[in-house]
Amino acid sequence: ETGVTQSPTHLIKTRGQQVTLRCSSQSGHNTVSWYQQALGQGPQFIFQYYREEENGRGNFPPRFSGLQFPNYSSELNVNALELDDSALYLCASSLRAQGGETQYFGPGTRLLVL
Amino acid sequence: KNEVEQSPQNLTAQEGEFITINCSYSVGISALHWLQQHPGGGIVSLFMLSSGKKKHGRLIATINIQEKHSSLHITASHPRDSAVYICGGYTGNQFYFGTGTSLTVIP
């Protein structure tokens, strides 16, 4: 186990709704990255938070937003859900920002949008 | 064209075989990550390398920065190695990962 936890584990929403996913990083880690993984695909980078600031963003629309709290836990918010948002959402924490640190992944949240 | 390409997409091997998975990338990745994903979704980081070679048990990862190519080798493969192996890295403002290589090792 990596010490990274995510909640909830599974979620079902309907199109147009909003969802909030949560991630608790490993102790001592100040960086959290969020990924979307559709079935049969690799993880797609959504964004990274470092010390409560967004520190890089992938090709996702603004309805994907996030927060990082002083204890370095993080939230991913998705507004106006679309059917294509159905996926496994993964967070990963690391000791520092940039890409030269080992990523510790959480178990993921499976989101189904109907 | 994807920024990170892996080959093969699927691989079936007999237990004990030597396995190679290849990763090519077109973006300026500063550190290359190899991940292992088991059925059910859990991802484990295997290696993070920016030059040369790293070894951990039966797994060896190599990288050629000039050619933008990395390989993951598994010696004496075992059924418990069956998983999806994903490579990728960070360009300075975002991570890019490939679609993965699905490995099945048959006893």
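Residues numbered from 1 in each chain as written. Chains lettered and ligands numbered in written order. Predicted model: local features only at pLDDT ≥ 70, side-chain atom pairs only at ≥ 80, totals over all residues. Heavy atoms only, no water.

Details of the nonpolar core
Link 1 in the chain: Of all hydrophobic cores here, the largest spans 23 residues; its most connected members are B:Leu32 and B:Trp34.
Link 2 in the chain: When residues of this core are traced back to their parent elements, those giving at least two are strand 3 (19-25), strand 4 (32-37), strand 5 (43-49), strand 7 (59-64), strand 8 (69-74), strand 9 (83-90) and strand 11 (101-106) of chain B.
Link 3 in the chain: Looking at this core element by element, the count peaks at 4 residues for strand 3 of chain B.
Link 4 in the chain: Not counting residues up to four positions away in its chain, the partners in contact with B:Leu32 are B:Cys23, B:Tyr25, B:Phe47, B:Met48, B:Leu49, B:Ile63, B:Ser70, B:Cys87 and B:Gly88.
Link 5 in the chain: Counting residues in hydrophobic clusters, the runner-up holds 20 residues, among them A:Val4, A:Trp34, A:Ile46 and A:Tyr89. (Core = buried A, V, L, I, M, F, W, Y, C linked by side-chain atoms within 4.5 Å. Buried < 20%, exposed > 50% of the residue type's maximum accessible area, 1.4 Å probe, protein only. Helix = DSSP H or I, 4+ residues; strand = E, 2+ residues; numbered from the N terminus. Contact = heavy atoms within 4.5 Å.)

Overview of the side chain of A:Arg63
All names here are of chain A.
Link 1 in the chain: Note on placement: Arg63 falls in the loop between strand 6 (53-57) and strand 7 (64-68).
Link 2 in the chain: At a separation of 3.3 Å, a polar atom in the side chain of Arg63 contacts the main-chain carbonyl oxygen of Ala80.
Link 3 in the chain: When residues no more than four places from it in sequence are discounted, the contact partners of Arg63 are Asn77, Val78, Asn79, Ala80, Leu81, Glu82 and Asp85. (Polar contact = N/O pair within 3.5 Å; in protein donor to acceptor, adjacent residues only side chain to side chain.)

Observations concerning the sheet that holds strand 1 (residues 5-7) of chain A
Residues and elements named next belong to chain A.
Link 1 in the chain: The sheet built from 4 strands is open, its strands ordered 1-3-8-7 with antiparallel pairing. Because the sheet does not close on itself, it has two edges, and the strands there are strand 1 and strand 7. Across this sheet, the average inter-strand angle for adjacent strands is 20°, counted without regard to direction.
Link 2 in the chain: The pairing of strand 7 with strand 8 (residues 74-78) spans 5 bridges and is antiparallel. When the bridges of strand 8 are listed, Gln68 appears paired with Ser74. (Pairing = 2+ DSSP bridges. Axes fitted to C-alpha atoms, helices over the stretch in contact; angles between N-to-C directions.)

Concerning the pairing of strand 7 of chain B
Residue and element names in this part refer to chain B.
Link 1 in the chain: As defined by bridge partners, strand 6 (residues 52-56) adjoins strand 7 across 5 bridges and the pair is classed as antiparallel. Residue pairing across strands places Lys53 opposite Thr62, the latter belonging to strand 7.
Link 2 in the chain: Here strand 6 hands over to strand 7 after 2 residues, with Gly57 in that stretch at a positive phi of 65°.
Link 3 in the chain: One ladder, built from 6 bridges, connects strand 7 with strand 8; its direction is antiparallel. Counterpart to Ile63 in the pairing with strand 8 is Ser70.
Link 4 in the chain: Where strand 7 folds back on strand 8, the antiparallel hairpin that results is connected by 4 residues, among which Lys68 adopts a positive phi of roughly 55°.

A look at the interface of chain A and chain B
Link 1 in the chain: Opposite the 24 residues of chain A that make contact, chain B presents 18 residues.
Link 2 in the chain: The contact between chain A and chain B buries some 1600 Å² in all, and 56% of this surface belongs to carbon and sulfur atoms.
Link 3 in the chain: Linking chain A to chain B there are 0 salt bridges.
Link 4 in the chain: On the surface where chain A and chain B come into contact, there are 1 residue pair in polar contact (both at pLDDT 80 or more).
Link 5 in the chain: Residues belonging to the side of chain A that touches chain B are distributed by class as follows: 6 nonpolar, 15 polar and 3 charged. (Buried area = accessible area lost by both parts, 1.4 Å probe. Salt bridge = Lys/Arg side-chain N within 4 Å of Asp/Glu carboxyl O. Nonpolar A, V, L, I, M, F, W, Y, C, P; charged D, E, K, R; others polar.)

A short note on the packing of aromatic side chains
Link 1 in the chain: The tally for this structure, following the rule as stated, stands at 9 aromatic pairs over all chains.
Link 2 in the chain: Here A:Tyr35 and B:Phe97 contribute two aromatic rings whose centre-to-centre distance is 5.7 Å and whose plane-to-plane angle is 65°, an arrangement assigned as edge-to-face. Remark: B:Phe97 occurs in strand 10 (residues 95-97) and A:Tyr35 occurs in strand 4 (residues 31-37); the pair is interchain, linking two chains.
Link 3 in the chain: With relative accessibility at 0%, the residue A:Tyr35 sits in the buried group.
Link 4 in the chain: What makes B:Phe97 buried here is its relative accessible area of 8%.
Link 5 in the chain: Put simply, the rings of A:Tyr35, A:Phe45, A:Phe105, B:Tyr90, B:Phe95 and B:Phe97 pair up and form one aromatic cluster. (Phe/Tyr/Trp six-rings, centres within 6.5 Å; stacked < 30°, edge-to-face > 60°.)

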